[in-house]
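Geometric and topological summary
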Amino acid sequence: MDTIPERFTLRNPSGNPLARRGGFRVPFGLKEGRVWAPNEVPKGKACGCICPGCHAPLSAKAQESRRKRPHFAHLTDTGCHTGRETGIHERAKQLIADHQRLTIPAWLGDLIDMPNPPHARDDEGRLHWGRQVDHPAHSTQLRDVEIERSFGSYKPDVVARDEVGELLIEIRVTHAVGDLKAARVQAHGRRMIEVDLSQLHRDVPHDPAAFQHAVLDDAANRSWISCPEAVAEWQASKQELDEQVAARNREIAQLRGDMIKAAQARQEREAQETKDKAGRKAYVRRLKRAKHAEDLEQLLELTSPERIDRILREYRISAEERVGELLESVPAAVRSACLRTHVDAWIFGVDPALWQLLAHDHFVAQRAPGDRFNQKDVATWVRRSFYPERALYRLFVTQYANRAEAQRAGFPKRQLAYWVFTDEENDRIPNFYCPVNDFIDRLERARVIRKLPAPIGECEVLPLPPSGFTPAAAVAMGPLPRA
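Each value, and the rule that gives it
Residues numbered from 1 in each chain as written. Predicted model: local features only at pLDDT ≥ 70, side-chain atom pairs only at ≥ 80, totals over all residues. Heavy atoms only, no water. Pairing = 2+ DSSP bridges. Helix = DSSP H or I, 4+ residues; strand = E, 2+ residues; numbered from the N terminus. Axes fitted to C-alpha atoms, helices over the stretch in contact; angles between N-to-C directions. Contact = heavy atoms within 4.5 Å. Core = buried A, V, L, I, M, F, W, Y, C linked by side-chain atoms within 4.5 Å. Buried < 20%, exposed > 50% of the residue type's maximum accessible area, 1.4 Å probe, protein only. Arc of directions from axis to C-beta. pLDDT = per-residue confidence, 0-100.

**What about the sheet that holds strand β11 (residues 143–147)?**
As summarised here, the arrangement of the five strands in space is β11-β12-β13-β14-β15, forming an open sheet in which the pairing is mixed. Two strands in the sheet have a free side with no partner beyond their single neighbour: β11 and β15 (222–226). Recorded for the sheet is a direction-independent mean angle of 25 degrees between the axes of neighbouring strands. Bridge count for strand β12 (residues 158–161) against strand β13 (residues 166–172) is four bridges, and the pairing is antiparallel. The residue of β13 that forms the bridge with R161 is E166. Contacting β11, β12 and β13, helix α1 (residues 83–99) crosses the sheet at an angle of about 150 degrees to β13.

Below, the structure is given as structure tokens:
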């Protein structure tokens, strides 16, 4: 291993395990007021250095090792955890003071408060862009360098002057510049940058050349805390942009005013047309309802729950003997399928179990395996063989024809409803196909028929199951939910 493992920490903003700041090794030692690298002093105890954090004696280690980075170690375990960070902080300030140069970062603005270039949306939501503030990164010479000069309420790590003027420099190892300190610097109109060493690879402080590059030359690890010149230029660009957007908004307001006037005139015309159209629609509706007036008068009475319960009891009593005879000749699974009924199965004027048993006998029992029939054929046979409510059937056909007409016109209409009828009337009209379709589904589950993929509704009679085999079928009694 190149270095001693660092202590485990949950805080790792970069997500890089090599960027943790904690550790036991001390990269720099303090001697005679200066910060030294291990290879800059005699080895071992003779280095004469103390820990920058706890001021305990240090020993210079691994100066000539090929396996380990040169470093300092405490002569005795003091439990010190600040020597590494304090040493990095002090060494960085010392490098700036010694070399009197620094790479100044580019001013990038702020994604939320000062996006560069500035942008704004007009009243139509269209995005407009202003001039970009161009302050690129560059290397500059420093003069009049001072370490930790106080400005009363704050004390920057380094104060110097460059070609522009006074420059405040902060070195971040653990803590970033706080909002209060940044606000004070900005309020005083001073320039300040922050060099961020908090995410350095753990081995960089043990490599003097790499550490010097990170402090003095790496443009990627620093940013502006306060740059009055760039802010002033950005504000000027933003003001120009706001004026352009304001002019555009005035044009938009004028266009909208014209459009509102045109819309009002159009609405007045459409209101009159709608009034005329509503009158024509009401007239047409009255004419069309007149064709079904007699059937609609019977609808509420024919579909009342009390009447349905009564006629089902009557149907059941009158068909009891015949149903019993037919049940004796069918397998158990078919018996179960025929005794279950759809909620609208009463509409054919006969006991639902009877017409289902007779339909099974006609289309399945009397046919050979492989014979085919269509669900439409079953629906037609049931309707013609028994006594459906003619008024209800006519109303259903009207609903069905209206949907077919809408589908042919390109409207994806699936619900059976006719605009001439009221919502209650549309809901009360029973569906003459659903009871038959539901019955066919139950025969398929009983495995006496199977549905074919084409044409639609085509079914095939299956061979009888082997002796002793009972196809799966539901045995619950009572009507099924209405489709």
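Following the structure, the description resumes.
**Concerning the sheet that holds strand β17 (residues 372–374)**
Ordered by their spatial adjacency, three strands build an open sheet running β17-β19-β18, and the pairing between neighbours is antiparallel. The strands lining the two open edges of the sheet, one partner per strand, are β17 and β18 (449–451). Each strand of the sheet is rotated relative to its neighbour by a mean of 30 degrees, with strand direction disregarded. With three bridges connecting them, β17 and strand β19 (residues 458–461) associate as antiparallel partners.

**Examining the nonpolar core**
F348, W355, V364, F373, I440, L443 and I449 are the most contacted members of the largest nonpolar core, which totals 51 residues. With eight residues, the top contributor of residues to this core is helix α8 (residues 352–365). Among residues more than four places away in sequence, those in contact with F373 are F363, V364, R367, V378, I440, I449, G457, E458, C459 and V461. Core analysis: the second largest hydrophobic core is formed by 32 residues, A37, W107, I193 and V195 among them.

**Brief notes about unusual backbone geometry**
The omega angle of the peptide bond from N116 to P117 is 5 degrees, so this bond is cis rather than trans. Of note, P117 is situated in the loop between β7 (114–115) and β8 (119–121). Unlike most non-glycine residues, E32 shows phi in positive territory, near 55 degrees. Position of E32 among the secondary structure elements: in the loop between β1 (29–31) and β2 (34–36). Its identity as a non-glycine residue notwithstanding, E148 has a phi of 50 degrees, on the positive side. Taking the relative accessible area as the measure of exposure, E148 reaches 36% and is therefore partly exposed.

**Describing helix α5 (residues 293–302)**
Residues of α5 that are buried: D295, L296, L299 and L302. Projected down its long axis, α5 carries its buried residues within an arc of 125 degrees, all on one side. Away from its buried face, by an angle of more than 90 degrees, α5 presents the exposed residues E294, E297 and E301. Where α5 is buried, its residues contact α4 (228–291), α6 (305–328), α10 (390–408) and α11 (423–428).

**A look at the pairing of β19**
Of the two faces of β19, both are covered, the one formed by E458 and E460 as well as the one formed by C459 and V461. Here β18 runs beside β19; their pairing, made up of three bridges, is antiparallel. Within β19, the residue paired with I449 across the bridge is V461. Here β18 hands over to β19 after six residues, with G457 in that stretch at a positive phi of 85 degrees.

**Topic: the confidence of the model for the protein chain**
Confidence in the prediction for the protein chain averages 87 pLDDT; 91% of positions are at 70 or higher. Taken together, the stretch residues 1–23 has pLDDT below 50 and engages in 44 contacts with residues farther than four places along the chain or on a different chain. Low confidence marks residues 468–483, where pLDDT is under 50. Its contacts with residues over four positions away, or in another chain, come to 38 contacts.

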